Amino acid sequence: MPDQVQPNAVREPQQERSRTTRRRLLEAATACLPELGWTRTTVAVVAERAGVSRGAAQHHFPAREDLVTAAVQHISDVQVAELHEKVAQLPSGPVRTEAVVAMLLDLYTGPTFRAALHLWVAASTEDRLGAIVRPLEAHVGREAHRTAVELLGVDESVQGVRETVQATLDLARGLGLANLLSDDVARRRKIVRQWTALIEPTLAAAARGG
């Protein structure tokens with residue numbers, strides 16, 4: 001009996017080490033992309049950043065395309081997770097709409113967005129990468145849109161509501177681009193207040209159950 005149990009006991013730590021190594025590589029790739037760009041984010045560079053041997057990195061990701069494919073999925077998962085984490089921190093009451101708008105406008109800032117942006121740029125000229133990035137980015141966009149509609153408590157079938165929500169997300173992406181060059185937190189806060197004032201009449205008219 002001990003001989004039958006022992007292989008499982010050995011396999012589990014190996015599996016855990018393998019998962020840890022993979023996670024470190026994906027996190028390192030996500031960090032390298034905004035710093036180095038697509039062309040310089042190689043398996044060797046990522047392995048060094050992760051503190052993993054090149055051989056171990058290539059065991060998980062034999063080619064850069066394999067690493068980037070997994071990194072794109074990882075970035076997508078992180079973006080969705082960050083969205084849900086922020087949702088849990090939203091207040092209730094009359095300030096909720098402005099808080100939701102602020103959350104959406106902040107969604108496209110930070111290292112995760114910068115990493116995604118480098119992939120978007122590269123994907124616009126590289127067909128193989130584009131085939132990977134486009135469906136995952138569409139998934140993140142749909143999740144953000146669905147969450148925005150839910151949090152704002154509006155009926156998307158009402159004329160103009162879908163466009164209002166989408167315009168909010170498009171505005172968020174634009175502000176995220178501006179934030180790449182300089183910290184525009186103060187300006188973004190003013191835009192949050194103004195944009196909330198502009199869209200509240202449309203959202204109020206489309207409130208579910210209203």
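The name recorded for the protein chain in an unreviewed UniProt entry is Transcriptional regulator, TetR family, from Haloechinothrix alba.

*Asks:* Describe in detail the overall build of the protein chain, supporting the description with residues and values.
*Replies:* What the protein chain contains, in helices and strands, is nine helices and zero strands. Listing every helix and strand of the protein chain by position from the N terminus yields α-α-α-α-α-α-α-α-α. Of the contacts formed within the protein chain by residues at least 6 apart in sequence, a portion of 68% connects residues at least 24 apart. As presented, the protein chain carries roughly 11500 Å² of accessible surface, and 54% of it is formed by carbon and sulfur atoms. Placing the 25 positive and 25 negative side-chain charges of the protein chain at their respective mean positions leaves the two points 3 Å apart.

*Asks:* How would you explain the UniProt feature "domain: HTH tetR-type" (unreviewed entry) in the protein chain if you had to name every residue and give the values?
*Replies:* Those places that UniProt annotates as "domain: HTH tetR-type" (unreviewed entry) correspond, in this numbering, to residues 19–79. With 87% helix and 0% strand, residues 19–79 has end C-alpha atoms that lie 20 Å from one another.

*Asks:* Describe in detail helix H4 (residues 64–87), supporting the description with residues and values.
*Replies:* Between the first and last C-alpha of H4 there are 34 Å, a value that for 24 residues agrees with the 34 Å anticipated at 1.5 Å per step. All buried positions along H4 are accounted for by Leu67, Val68, Ala70, Ala71, Val72, His74, Ile75, Ser76, Gln79, Val80 and Leu83.

*Asks:* So what's going on with the pattern of salt bridges? Residues and values would help.
*Replies:* Under the defined criterion, the tally for this structure stands at eight salt bridges. One salt bridge in this structure joins Glu143 and Arg146, with 2.8 Å as the shortest N-O distance. Of this pair, Glu143 and Arg146 both sit in helix H7 (residues 127–152), three residues apart, roughly one helical turn. The exposure class of Glu143 is buried, given its relative accessible area of 15%. On the basis of relative accessibility, which here comes to 39%, the residue Arg146 falls in the partly exposed class.

*Asks:* I'd love a proper account of the side chain of Thr147, names of residues and values included.
*Replies:* In this structure, Thr147 sits in helix H7. What makes Thr147 buried here is its relative accessible area of 5%. For Thr147, the contacting residues outside a window of four places in its chain are Leu83, His84 and Val87.

*Asks:* Mind laying out the environment of Thr21, listing which residues take part and the relevant values?
*Replies:* Here Thr21 is to be found in helix H1 (residues 2–40). On a C-alpha basis, the gap between Thr21 and Val52 in space is 7.3 Å, while along the polypeptide they are 31 residues apart. Not counting the four nearest positions on each side in its chain, Thr21 is found in contact with Val52 and His60.

*Asks:* Tell me what's going on with the packing of aromatic side chains, and back it up with residues and numbers.
*Replies:* Using the criterion set out here, one finds two aromatic pairs in the structure. Consider the rings of Phe113 and Trp120, whose centres lie 5.7 Å apart with planes at 85°: the pair is edge-to-face.

*Asks:* Explain the UniProt feature "DNA-binding region" (unreviewed entry) in the protein chain to me, using residue names and the numbers behind them.
*Replies:* Taken from the UniProt record, the annotation "DNA-binding region" (unreviewed entry) applies to residues 42–61. For the annotated span residues 42–61, helix accounts for 75% and strand for 0% of the residues, and the straight-line distance between the end C-alpha atoms is 11 Å.

*Asks:* I'd love a proper account of the side chain of His74, names of residues and values included.
*Replies:* Within the secondary structure, His74 is located in helix H4. The class of His74 is buried, set by a relative accessible area of 19%.

*Asks:* A description of a negative patch on the surface should follow, citing residues and the corresponding values.
*Replies:* On the surface, Glu65, Asp66, Glu126 and Asp127 cluster together to form a negatively charged patch. Structurally, Asp66 is set in helix H4. Relative accessible area serves as the criterion here: at 35%, Asp66 is assigned to the partly exposed category.

*Asks:* An account of helix H9 (residues 185–205) is requested, with residue identities and associated values reported.
*Replies:* Its 21 residues place the ends of H9 30 Å apart at the C-alpha level, agreeing with the 30 Å of an ideal helix rising 1.5 Å per residue. Ile199 marks the point of greatest bend in H9, at about 40°, and the proline Pro201 comes within the next four residues. Three or more residues of H9 are buried, namely Arg188, Val192, Thr196, Ile199 and Leu203. Looking at the buried residues of H9, the elements they touch are helix H5 (96–107), H7 and helix H8 (161–181).

*Asks:* Before we move on, could you go through the confidence of the model for the protein chain and cite the residues and values that matter?
*Replies:* For the protein chain, mean pLDDT is 84; residues scoring 70 or higher make up 93% of the total. No element of the protein chain has a lower mean pLDDT than H1, which averages 76, and none a higher one than helix H2 (residues 43–50), which averages 94.

Quick notes on the rules
- Residues numbered from 1 in each chain as written.
- Predicted model: local features only at pLDDT ≥ 70, side-chain atom pairs only at ≥ 80, totals over all residues.
- Heavy atoms only, no water.
- Helix = DSSP H or I, 4+ residues; strand = E, 2+ residues; numbered from the N terminus.
- Contact = heavy atoms within 4.5 Å.
- Areas by Shrake-Rupley, 256 points an atom, 1.4 Å probe, with all protein chains shown as cover.
- Lys, Arg positive; Asp, Glu negative; His and termini not counted.
- Charge placed at Lys NZ, Arg CZ, Asp CG, Glu CD.
- UniProt positions renumbered as here; feature names shortened; annotations may be inferred.
- Expected span 1.5 Å × (residues − 1).
- Buried < 20%, exposed > 50% of the residue type's maximum accessible area, 1.4 Å probe, protein only.
- Salt bridge = Lys/Arg side-chain N within 4 Å of Asp/Glu carboxyl O.
- Phe/Tyr/Trp six-rings, centres within 6.5 Å; stacked < 30°, edge-to-face > 60°.
- Patch = residues over 30% accessible without salt bridge, like charges linked within 9 Å, V, L, I, M, F, W, Y side chains within 5 Å.
- Bend = angle between axes of the 7 residues up to and from the residue.
- pLDDT = per-residue confidence, 0-100.

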